[in-house]
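Summary of structural features
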Amino acid sequence: MVELTDLSSVAVSPDGLYVAFRTETPSIERNTHDLAWYVVPADGRHPARRIADAGEGDRPDGTQFSEPPQWTADSSAIVYRAIVDGEIQVWRTTIDGVRSEKLTADPANVRYFLLSRDNRTLTYAVGATRSEIERAEEAEYDAGVLIDDKVDPLRQLYRGTRIEGRLATDRLHGFWFAHGGVLAGQPLTYRSIDLASGRVRDATTAETDGLPKPVQPLERLGNRSIIFKAESGDHRGDAFVLGKGNEMFLSVRRPGRGGALIGCDDPLCRQRISRVAWQGDADGLFFVTTDIAAEQTLHLWSIDTGKVRRVGGGIGRWNGGRDERKSCSVTLRAAFCVVASADAPPRLVRIDLATGALTTLAAPNSALERPDSLKFAVFDWTAPGGQRFTGKLMLPSRQAAPVPLFVTYYVCDGYLRGGTGDEFPLRQLAEAGIAALCINRVPTAAGLGDQVEQYRIAEAGVASVIDLLARRGIVDPAHVGMGGVSFGGEVTMWIATRTSRLAALSIGNTVLSDVYYWFGAMAGRQVPRMLRDVWGIGTPEESPDRWKLLAPELMTDAITAPLLMQLPEHEYRTNVKLAARLSQAGKPVELRAFPYETHVKFQPRHKLAIYERNLDWFRFWLQGYVDPDPDKADQYRRWTAMKEMRSG
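All of the points below concern the structure found in this document.

Parameters and conventions
Residues numbered from 1 in each chain as written. Predicted model: local features only at pLDDT ≥ 70, side-chain atom pairs only at ≥ 80, totals over all residues. Heavy atoms only, no water. Pairing = 2+ DSSP bridges. Helix = DSSP H or I, 4+ residues; strand = E, 2+ residues; numbered from the N terminus. Axes fitted to C-alpha atoms, helices over the stretch in contact; angles between N-to-C directions. Contact = heavy atoms within 4.5 Å. Left-handed = near helix turned anticlockwise from the far one by under 90°. Nonpolar A, V, L, I, M, F, W, Y, C, P; charged D, E, K, R; others polar. Core = buried A, V, L, I, M, F, W, Y, C linked by side-chain atoms within 4.5 Å. Buried < 20%, exposed > 50% of the residue type's maximum accessible area, 1.4 Å probe, protein only. Domains from an automatic or database assignment. Phe/Tyr/Trp six-rings, centres within 6.5 Å; stacked < 30°, edge-to-face > 60°. Lys NZ or Arg CZ within 6 Å of the ring centre and 35° of its normal.

Quick notes on the sheet that holds strand β15 (residues 189-194)
- Strands sit in the order β9-β10-β15-β16 across an open sheet of 4 strands; the sheet is antiparallel. Looking at strand neighbours, the two that pair on one side only are β9 (108-115) and β16 (200-202), the edges of this open sheet. The mean inter-strand angle of the sheet, taken between neighbouring strand axes irrespective of direction, is 35 degrees.
- Note: β9 against strand β10 (residues 121-129), 6 bridges, orientation antiparallel. Looking at the pairing, Tyr112 lines up with Ala125 of β10.
- On the sheet, helix α1 (residues 130-143) packs against β9 and β10 and is oriented at approximately 15 degrees with respect to β10.

Structure representation (structure tokens):
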């Protein structure tokens with residue numbers, strides 16, 4: 001599970017004959033990730049061929065950044081950014097893999113780039129130089145760091161995060177907890193390089209206008225949020241997925257029409273749209289919708305006729321479970337996507353847009369598709385309040401009597417490994433005799449804005465499914481464990497402080513605390529406003545009743561289940577008070593912090609340790625099992641002492 005290969009960054013050659021994609025394979029031994037570029041014939045007549053190393057990869061907040069390569073006009077090579085030896089430059093590799101060369105040698109890291117149509121010029125954007133960034137970091141270190149709205153006190157002050165290939169000093173830039181280097185906010189400089197001579201000059205306005213411009217968080221078009229944008233680069237204009245509450249709108253804006261939008265009126269265009277792309281050079285849009293069960297379906301919208309037709313899908317995630325925005329590339333006749341479902345690991349497929357026929361082009365994880373292994377089954381039920389829930393349930397192979405149950409709540413996305421955040425080994429739990437259930441989040445009627453109502457809906461869904469499985473004689477309701485990361489961890493703590501249904505808990509994220517509030521409350525930070533708007537909470541002095549409703553550290557008397565917290569270094573400090581209060585009360589609690597980790601933990605050795613400890617934790621508290629491995633003796637001495645103290 002830890003060393004499974006993910007695929008992303010798909011791009012079809014201009015002649016339609018080849019598909020380039022990137023693989024990412026973790027290595028526990030070296031505690032790193034191996035990234036590589038592959039090319040495969042679009043018709044699948046030959047297997048995929050590795051053509052180049054893809055560098056180190058960039059991980060904003062722990063999630064691998066995806067970026068499709070750009071093809072040369074003659075389809076002979078791909079051009080891409082790569083982190084190599086601590087710098088980001090643009091590289092070119094021929095599709096036979098014989099020749100790789102670095103095209104830029106800029107003293108600053110390349111942010112984004114565009115290859116001209118004639119392949120003669122490369123235009124790119126850069127920020128501060130690497131030496132300027134290092135000098136700024138050292139100057140702060142020597143002078144003392146000014147703690148203002150750009151500093152997150154939860155993170156190390158000096159070179160505590162890996163950014164663009166090096167341990168760097170990070171600061172807050174942009175929305176919520178978005179971060180970058182100390183000079184990330186410096187204005188960009190645009191340059192063009194003549195690829196024949198290597199001469200570098202300032203880019204022209206026409207050249208910079210062609211560079212890709214990513215949608216910024218909270219960017220709006222009229223009274224709707226821009227969820228996704230696809231530029232055609234020609235007379236067809238730009239396609240937008242717009243959102244308002246729970247509704248989405250698929251629209252096109254033509255150039256030179258005063259900003260007027262052409263909207264898709266088909267009901268399919270009002271569903272939750274995950275991705276949109278132009279259909280080659282045709283006036284049509286390929287888009288992906290996601291249903292209540294987190295399964296995705298592919299569609300085509302003919303803008304000329306207004307008609308929408310289903311292309312395929314309906315089972316699995318057409319993002320590989322990891323890459324929501326850049327896992328498909330579309331031509332006039334076919335789409336090339338990374339697909340994964342509960343029991344089918346990520347693979348690259350071709351979808352014929354006329355017939356919906358699938359051709360597998362690359363399946364690096366085929367060894368995991370064992371017909372004799374345990375399988376997840378779709379499971380759905382309705383809570384007493386009328387909300388419909390869906391999830392994936394895996395049962396132990398030998399079940400003579402009701403078994404313990406483990407639940408995680410958020411999104412059952414693609415190939416089920418460890419749930420959202422990938423920390424809970426669902427398959428191994430089931431193999432050990434514990435039923436494993438992943439539940440998909442159900443939004444409120446008004447969308448995802450009201451977090452407290454979200455928690456209440458989740459509580460109803462978890463309670464009702466425990467009762468349903470207990471009535472059917474499948475699970476033992478006295479031995480139910482729950483775990484989650486991010487929103488999933490919040491839901492776990494909400495249920496743990498309001499019911500006695502849970503016998504063991506594990507979370508991988510920060511929870512609301514006074515430390516969390518005040519560490520994010522310097523003037524200019526968005527944390528207080530977001531907590532007020534989404535959680536309905538002010539300062540502890542302003543809304544004490546609301547704090548008693550939401551802060552687990554104020555409800556330790558209500559927490560009866562043993563709690564394991566495995567947190568990134570950048571978040572664990574906000575949970576120390578909760579751990580201290582529980583431990584002072586003699587309640588079972590263990591807090592682990594993982595160095596150099598952000599919200600989503602990514603280091604392979606850390607991932608393995610988290611998987612193994614969660615498996616041990618739930619087996620110990622739900623089954624009374626003690627692993628005889630002598631290397632775990634100290635762990636079980638601690639946990640046994642917790643159990644004895646709890647019994648006493």
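Let's talk about the sheet that holds strand β18 (residues 224-231)
- Sheet architecture is open: 5 strands sit in the order β17-β18-β19-β20-β21, paired in antiparallel fashion. Lying at the two open borders of the sheet, with one neighbouring strand each, are β17 (220-221) and β21 (261-263).
- The pairing of strand β20 (residues 247-253) with β21 spans 3 bridges and is antiparallel. Residue pairing across strands places Arg253 opposite Leu261, the latter belonging to β21.

Things to note about the packing of helix α10 (residues 604-623) against helix α11 (residues 633-647)
- Interhelical geometry of α10 versus α11 gives an angle of 35 degrees and a closest axis separation of 12 Å. As for the relative orientation of α10 and α11, their crossing is right-handed in sense. Seen from α10, the contacting residues are Arg613, Asp616, Trp617, Phe620 and Trp621; seen from α11, they are Gln635, Tyr636, Trp639, Thr640, Met642, Lys643 and Arg646.
- Counted by class, the contact of α10 with α11 contains 6 nonpolar, 2 polar and 4 charged residues.

What to know about the nonpolar core
- One finds Leu405, Tyr409, Ile439 and Leu563 to be the most contacted residues of the largest nonpolar core, which totals 59 residues.
- Broken down by element, this core gets its largest block of residues, 9 residues, from helix α4 (residues 451-471).
- Per-domain counts for this core show at least three residues from each of domain 2 (376-510 + 559-646) and domain 3 (514-550).
- Non-local contacts of Ile439, meaning those with residues more than four positions away in its chain, are made with Trp381, Phe389, Thr390, Gly391, Val407, Thr408, Tyr409, Tyr410, Val411, Cys412, Val462 and Val465.
- Counting 27 residues, the second-largest nonpolar core is a separate cluster that includes Ala342, Phe406, Tyr636 and Trp639.

Things to note about the packing of aromatic side chains
- Summed over the entire model, instances satisfying the criterion amount to 20 aromatic pairs.
- When the ring of Phe177 is compared with that of Tyr516, the centres are 6.3 Å apart and the planes differ by 45 degrees; the resulting orientation is tilted. Placement of the pair is Phe177 in the loop between β13 (170-172) and β14 (179-181) and Tyr516 in helix α6 (residues 514-519), with a sequence separation of 339 residues. The residues Phe177 and Tyr516 share a single accessibility class, namely buried.
- Measuring from ring centre to ring centre gives 5.0 Å for Tyr517 and Trp518, while their planes differ by 80 degrees; the resulting arrangement is edge-to-face.
- The buried category is assigned to Tyr517, whose relative accessible area is 4%.
- One aromatic cluster in this structure is built from Tyr409, Tyr410, Tyr455, Phe487 and Trp494.
- The aromatic ring of Trp494 is capped on one face by Arg498, whose charged end is 3.5 Å from the ring centroid.

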